[in-house]
Amino acid sequence: MKNILITGGAGYLGSVLCTDLINLGFKVTVIDKLDFKKDSLAHLYSKENFEFIKGDVRNKKLINKLLKNKDYIIPLAALVGAPLCIKKPKETIEVNLKSIIFLISKLKRNQKIIFATTNSGYGIGEKNKFCDENSELKPISLYGRTKVDAEKLVLKNKNSISFRLATVFGFSYRMRTDLLVNNLVELAYKKRKLEIFEPHFRRNYIHVKDVSRAFIFAINNFSKMKNNIFNVGLSSANLTKIQLAKKIKKHIKDTKIKILKNKKDPDKRDYFVSNKKIEKMGFKTKYDLERGIKELFNLYKNGYTKLKNNY
Ligand SMILES: NC(=O)c1ccc[n+]([C@@H]2O[C@H](COP(=O)([O-])OP(=O)(O)OC[C@H]3O[C@@H](n4cnc5c(N)ncnc54)[C@H](O)[C@@H]3O)[C@@H](O)[C@H]2O)c1
């Protein structure tokens, strides 16, 4: 079975992906310094095909050792989101960029890398744009810039795939409620009120389980997908913020939606995203927005409150 190294595997995306890979019988090694939830992978500790190393991706000796015998490397370790990166600029550059430079320099010719970045730089300043993988990314935050620079370096390697992810939603063993859908459902549940600014800004969304499925799809179809960038999002969910709020209101009916006219969104995204390229490869999403909203509503309703976010 394939041997996979996942950095940052205890995080929001990683903990779901590791669980799915282990259940499929892949051999998975995770290195994570457990900045957030300490037990997000505890349910895998008893599995024979799982190994967890608490460590830092900036530790070159350790990374060198962990790269041995790995078929696939999925580098997820990063400082994620603009607010966290503003607080820790030095660490952001070290982890999001320099650790990737080191990792790539140590890869053997047959080792494959699947990278995850954000599609959030698309569409900035170009209203109503329909973006595909050839559209220019214009990151406005340190977070976005480090991810764009890292992607360029990753793609110089011939055995690489880069996923540009839409805004992810849904439950994870390491939950994040700073992500837009997760956040709005939590607010609707707790306050029965959604205050939306710049309501017509469009975004694209994807369920965390579908992100995990996309990585597994890439592992299984690597030779035909390699040396490419793919947008990964739900084509049925290119929605404005107000459309999203209304979908949430359908589930939590007594939610009041208020438009804040004078507040500006620092995140200037306003775009449709085309996910046709990965769909043409045969990838199909399985979890729509309604299913995610229902799942999140159940999560908050049943008392899931001990969350540590990235801000
Ligand atoms: N969640 C999203 O919406 C989204 C969208 C686009 C791209 N991504 C990318 O996916 C990846 C994972 O994001 P996430 O949402 O799971 O974030 P997350 O914050 O939940 O996970 C990041 C993990 O990396 C670990 N980490 C950070 N610095 C480390 C270091 N120096 N050494 C070892 N581990 C370290 C943290 O402990 C954490 O578990 C990131 O690279 C991010 O840029 C996420």
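Residues numbered from 1 in each chain as written. Predicted model: local features only at pLDDT ≥ 70, side-chain atom pairs only at ≥ 80, totals over all residues. Heavy atoms only, no water.

Attention now moves to the pattern of salt bridges. Inspection of the entire model under this criterion finds 15 salt bridges. Taking the shortest distance from any N to any O, the salt bridge between Glu94 and Arg58 comes out at 2.7 Å. Within this pair, whereas Glu94 is found in helix α4 (residues 89-106), its partner Arg58 is found in the loop between β3 (50-54) and α2 (60-67), the two being separated by 36 residues in sequence. Here Arg58 falls in the partly exposed class, since its relative accessible area comes to 31%. Among the ionic pairs, Arg213 bridges to Asp210, the shortest N-O distance being 2.7 Å. A residue pair is termed a helical-turn pair when its members lie 3 or 4 positions apart in one helix, as Arg213 and Asp210 do in helix α7 (residues 208-220) at 3 residues. The class of Asp210 is buried, set by a relative accessible area of 0%. (Salt bridge = Lys/Arg side-chain N within 4 Å of Asp/Glu carboxyl O. Helix = DSSP H or I, 4+ residues; strand = E, 2+ residues; numbered from the N terminus. Buried < 20%, exposed > 50% of the residue type's maximum accessible area, 1.4 Å probe, protein only.)

Moving on, we come to the nonpolar core. Ile6, Ile114 and Phe163 are the most contacted members of the largest nonpolar core, which totals 66 residues. When residues of this core are assigned to their parent elements, the largest contribution, 8 residues, is made by α7. When residues of this core are sorted by domain, at least three fall in each of domain 1 (3-169 + 205-232) and domain 2 (180-204 + 236-273 + 282-301). Listed in part, the 25 residues of the second largest apolar core include Leu5, Val57, Leu79 and Ala150. (Core = buried A, V, L, I, M, F, W, Y, C linked by side-chain atoms within 4.5 Å. Domains from an automatic or database assignment.)

Neighbouring the ligand are 30 residues; Tyr12, Asp32, Tyr143, Lys147 and Arg176 lie closest to it. Taking Gly11, its main chain carries an N or O atom lying 3.3 Å from an oxygen atom of the ligand. Backbone polar atom of Leu13 to an oxygen atom of the ligand: 2.8 Å apart, as the coordinates give it. Taken by itself the ligand offers 830 Å² of open surface, and the protein chains cover 98% of this. Elements that contribute at least two residues to the shell around the ligand include exactly α1 (12-23), β5 (112-118) and α5 (142-156). The element best represented in the shell around the ligand is β5, accounting for 3 residues. When grouped by side-chain class, the residues that make up the shell around the ligand number 16 nonpolar, 6 polar and 8 charged. (Near = heavy atom within 4 Å. Polar contact = N/O pair within 3.5 Å; in protein donor to acceptor, adjacent residues only side chain to side chain. Areas by Shrake-Rupley, 256 points an atom, 1.4 Å probe, with all protein chains shown as cover. Nonpolar A, V, L, I, M, F, W, Y, C, P; charged D, E, K, R; others polar.)

All chains considered together, the criterion is met by 8 aromatic pairs. Judged by centre distance (5.2 Å) and plane angle (70°), the ring pair of Phe163 and Phe215 falls under edge-to-face. Of the two residues, Phe163 is situated in strand β7 (residues 160-165) and Phe215 in helix α7; the sequence distance between them amounts to 52 residues. Across the pair, exposure class does not vary: Phe163 and Phe215 are buried alike. Through a chain of ring-to-ring contacts, the aromatic side chains of Tyr45, Phe50 and Phe52 assemble into a single cluster. Over the aromatic face of Tyr72 sits the side chain of Lys112, whose NZ or CZ is 5.6 Å from the ring centroid. (Phe/Tyr/Trp six-rings, centres within 6.5 Å; stacked < 30°, edge-to-face > 60°. Lys NZ or Arg CZ within 6 Å of the ring centre and 35° of its normal.)

Here the focus is a positive patch on the surface. Together, Lys60, Lys68, Lys98, Lys106 and Lys108 line one region of the surface with positive charge. Relative to the assigned elements, Lys68 resides in the loop between α2 and β4 (72-75). (Patch = residues over 30% accessible without salt bridge, like charges linked within 9 Å, V, L, I, M, F, W, Y side chains within 5 Å. Lys, Arg positive; Asp, Glu negative; His and termini not counted. Charge placed at Lys NZ, Arg CZ, Asp CG, Glu CD.)

Within the secondary structure layout, Phe201 lies in the loop between β9 (193-197) and β10 (202-207). For Phe201, a relative accessible area of 10% translates into the label buried. C-alpha separation for the pair Phe201 and Ile293, spaced 92 residues apart in sequence, amounts to 20 Å.

Moving on: the packing of α2 against α4. At their nearest, the axes of α2 and α4 sit 10 Å apart, and the two run at 40° to each other. Comparing their axes, α4 and α2 come out oblique. At the point where α2 passes α4, the crossing takes the right-handed sense. In this structure, α2 uses Lys60, Ile63, Asn64 and Leu67 to contact α4, whose residues at the interface are Phe102, Leu103 and Lys106. Residue composition of the contact of α2 with α4, by class: 4 nonpolar, 1 polar and 2 charged. (Axes fitted to C-alpha atoms, helices over the stretch in contact; angles between N-to-C directions. Parallel < 35°, antiparallel > 145°, perpendicular 65-115°, else oblique. Left-handed = near helix turned anticlockwise from the far one by under 90°. Contact = heavy atoms within 4.5 Å.)

Spatial relationships are all this shows, so hold off on functional conclusions.
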